Amino acid sequence: MPPRKSRAKNADVPAEMPVLTAYCTKLRKKVEMDQIELVTMKNGRPAAKGVAKEDPSLAVFRILSKAEAEQLAKALS
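Residues numbered from 1 in each chain as written. Predicted model: local features only at pLDDT ≥ 70, side-chain atom pairs only at ≥ 80, totals over all residues. Heavy atoms only, no water.

1. Points about the sheet that holds strand β4 (residues 59-63)
Spatial strand order, β1-β2-β3-β4: 4 strands in an open sheet with antiparallel pairing. Edge positions in the sheet fall to β1 (21-24) and β4, since each of these pairs with one other strand and no more. Taken pair by pair, the neighbouring strands of this sheet meet at an average axis angle of 50°, ignoring direction. Packing of helix α1 (residues 66-76) onto the sheet brings it into contact with β2 (29-40), β3 (46-52) and β4, and relative to β2 it is tilted by some 80°. (Pairing = 2+ DSSP bridges. Helix = DSSP H or I, 4+ residues; strand = E, 2+ residues; numbered from the N terminus. Axes fitted to C-alpha atoms, helices over the stretch in contact; angles between N-to-C directions. Contact = heavy atoms within 4.5 Å.)

Below, the structure is given as structure tokens:
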């Protein structure tokens with residue numbers, strides 16, 4: 001059995017625009033997001049809102065963890 005890959009991330013790596021995927025209900029598959037915007041839902045959870053790269057007329061939405069939201073905020077600023 002091959003050794004497991006580490007999931008640890010290097011904090012010294014510069015923040016790049018992460019590639020986020022979200023499920024598009026109209027296309028019935030996961031698509032990459034474009035024009036990403038960080039939003040906060042009514043219950044206080046962070047989320048990403050954007051459009052599908054395959055069809056820019058379709059809006060997609062993804063709930064994020066706090067760590068993902070911090071990473072996205074650094075990349076967007």
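2. Regarding the environment of glutamate 32
Relative to the assigned elements, glutamate 32 resides in strand β2. Distance from glutamate 32 to valine 51, taken between C-alpha atoms, is 8.4 Å for residues 19 residues apart in sequence. Beyond its immediate chain neighbours, meaning those up to four positions away, glutamate 32 contacts Val19, Leu20, Thr21, Val51, Ala52 and Lys53.

3. Thoughts on the confidence of the model for the protein chain
Of the residues in the protein chain, 78% reach a pLDDT of 70 or more, and the chain-wide mean stands at 86. The spread of mean pLDDT over the elements of the protein chain runs between α1, the lowest at 94, and β4, the highest at 97. (pLDDT = per-residue confidence, 0-100.)

4. A few points about α1
Along α1, the positions that sit buried rather than exposed are Ala69, Leu72 and Ala75. With its buried residues spanning 125° around the axis, α1 presents them on a single face. Away from its buried face, by an angle of more than 90 degrees, α1 presents the exposed residues Lys66, Ala67, Glu70 and Lys74. Here the buried face of α1 lies against β2 and β3. (Buried < 20%, exposed > 50% of the residue type's maximum accessible area, 1.4 Å probe, protein only. Arc of directions from axis to C-beta.)

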